[in-house]
Amino acid sequence: MELYVDTANLDEIKKAADLGVLDGVTTNPSLIAKEGIDYGERLAEICEVVSGPVSAEVIATDYQGMMAEAATRIGIAENIVIKLPCTADGVRACKSLADQGVRTNMTLCFQPLQAWMVAKAGAFLVSPFIGRIDDIGQDGMDLIHQIRQAYDAHGYQTKLLAASIRHPKHMLDCLLAGADVATVPYKVIEGLLKHPLTDIGLEKFLADYAKAFS
Ligand code: G3P
């Protein structure tokens, strides 16, 4: 499973990239708003740090506006992926961009039929939101399992990118469910290597060694 970091914060992206296992970055308008920086400027900075796919989400909600924004964003760097909502205009823009060889990430996916439609439109990535489904008392992982089953049954090549991941248990569930990619906040990435027995074990190894040789 590939690992993307879900942030527009450059320090977090650099720290994640330093681990050596980062495959890409996803951003969205809320994440950019938190940074208070021009979207295009920040995307250019991110693409200098990360060579894998960097998702740039459109602000427009109509087909023409989406296509115009996509044309601007793809000029920033070769690894820019255009992020579009799973709406009728989004699907239409996805198809047009796919026909031009532009990669897309179809976001705000909350049901398997949206994932099917965007796969038919030639999406590079589909982003089902696990955490936001959990937030309304349903199980976000059901959506991951259903999309995986549908894509495998019909041979769709669109990559299943699990998004809205809130904690390491979501990551483990996605790994076991066969998600192709997981995009996660930096603080979740930090939690992935934490285990109290690792800390206790390391402390004991070092103490034993020091006792014997110092
Ligand atoms: O970038 C899309 C997605 O990962 C958002 O997550 O936590 O705002 O639901 P969240």
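Placed above this text is the structure.
Nothing here was measured: the structure is a model prediction, and the numbers come from that model.

### Considerations on the site of the ligand
- Close to the ligand lie D6, N28, K83, F129, R132, A163, S164 and R166, which account for all nearby residues.
- Here an oxygen atom of the ligand and a side-chain polar atom of D6 are 2.6 Å apart.
- The separation between an oxygen atom of the ligand and a polar side-chain atom of R132 is 2.6 Å.
- Considering the ligand on its own, with 310 Å² of exposed area, one finds that the protein chains cover 83% of that surface.
- With respect to the detected pockets, the ligand is housed in the largest pocket.

### With respect to the pattern of salt bridges
- A full pass over the atoms with the stated rule returns ten salt bridges.
- The shortest N-O distance in the salt bridge between K95 and D99 comes to 2.9 Å. Of this pair, K95 and D99 both sit in helix α5 (residues 88-99), four residues apart, roughly one helical turn.
- Residue K204 pairs with D208 through a salt bridge whose shortest N-O separation is 2.9 Å. Taken together, the residues K204 and D208, both in helix α11 (residues 196-213) and four residues apart, mark about one turn of the helix.
- Within this structure, E35, R42 and E45 form a network of salt bridges that share partners.

### Some remarks on the sheet that holds strand β5 (residues 104-109)
- In spatial order, the strands read β1-β2-β3-β4-β5-β6-β7-β8; together these eight strands close into a barrel with parallel pairing. Here the average twist between neighbouring strands, direction ignored, is 30°.
- Here β5 pairs with strand β6 (residues 125-128) via three bridges, running parallel. Bridge pairing in β6 places M106 opposite V126.
- Contacting β3 (54-57) and β4 (80-85), helix α4 (residues 63-73) crosses the sheet at an angle of about 160° to β4.

### Observations regarding the layout of surface pockets
- Quantified by volume, the largest pocket comes out at close to 520 Å³.
- Looking at the lining of the largest pocket, the elements with two or more residues in it are α2 (29-35), β5 and α10 (186-191).

### Some points on a nonpolar patch on the surface
- Taken together, M1, L172, L175 and L176 make up a surface patch of nonpolar side chains, about 410 Å² in accessible area.
- In this structure L172 comes out as partly exposed when scored by relative accessible area, which is 42%.

### Quick look at the packing of helix α8 (residues 140-154) against helix α9 (residues 168-177)
- Taken N-terminus to C-terminus, the directions of α8 and α9 make an angle of 15°; their axes are 10 Å apart at the nearest point. Judged by the inter-axis angle, α8 sits roughly parallel to α9. Seen along the crossing, α8 lies across α9 with a hand that is right-handed. Across the interface between the two elements, M141, I144, H145 and R148 from α8 touch D173, C174 and A177 from α9.
- For the contact of α8 with α9, a count of residues per class yields four nonpolar, one polar and two charged.

Scoring rules and cut-offs
All residue numbers here refer to positions counted from 1 along the written sequence of the relevant chain. The model is predicted, so local features are restricted to residues of pLDDT at least 70 and side-chain atom pairs to those at 80 or more, both for listing and for counting; the totals for chains, interfaces and linings are taken over all residues. The side-chain numbers reported here are obtained from all heavy atoms of the structure, hydrogens and water having been left aside. Any residue with a non-hydrogen atom lying within 4 Å of a molecule or strand is treated as near it. As used in this structure description, the phrase polar contact means that two N or O atoms lie within 3.5 Å; if the pair is within protein, one of them must be able to donate a hydrogen and the other to accept it, and residues adjacent in sequence are counted only when both atoms belong to side chains. For every accessible area listed, the method is Shrake-Rupley and the probe measures 1.4 Å; residues are considered covered only by the protein chains on display. Note on definitions: the grid is 1 Å and covers protein atoms alone; a cavity is a set of points where a 1.4 Å probe fits but cannot get out; a pocket is an open set with protein on both sides within 12 Å along at least five of seven lines; lining residues have an atom within 4 Å of a point. Occupancy of a cavity or pocket is assigned to a molecule whenever over half of its atoms lie within 2 Å of that pocket's grid points. Throughout this description, the term salt bridge denotes a Lys or Arg side-chain nitrogen within 4 Å of a carboxyl oxygen of Asp or Glu. Here a helix means four or more residues in a row that DSSP labels H or I, a strand means two or more in a row labelled E, and each is numbered from the N terminus. A pair of strands counts as paired when DSSP detects no fewer than two bridges linking them. Only the stretch in contact is used when fitting a helix axis, every axis being a line fitted to C-alpha atoms; angles between N-to-C directions are given from 0 to 180 degrees. Note on contacts: a residue pair is in contact if any heavy atoms of the two residues lie within 4.5 Å. Grid points are joined across faces, edges and corners, and a volume is the space filled by probe spheres set on the points. Here, patches come from residues exposed beyond 30% relative accessible area and free of salt bridges, joined within 9 Å for like charges and within 5 Å for nonpolar side chains (Val, Leu, Ile, Met, Phe, Trp, Tyr). Classification of residues uses two cut-offs on accessible area relative to the type maximum, computed with a 1.4 Å probe and protein chains only: under 20% is buried, over 50% is exposed, and between them is partly exposed. By the definition adopted for this analysis, an angle is roughly parallel if under 35 degrees, roughly antiparallel if over 145, roughly perpendicular if from 65 to 115, and oblique otherwise. Put simply, a crossing is left-handed when the front helix is turned counterclockwise from the back one by less than a right angle, and right-handed when it is turned clockwise. Gly counts as polar in this scheme, as do all residues outside two lists: the nonpolar Ala, Val, Leu, Ile, Met, Phe, Trp, Tyr, Cys and Pro, and the charged Asp, Glu, Lys and Arg.

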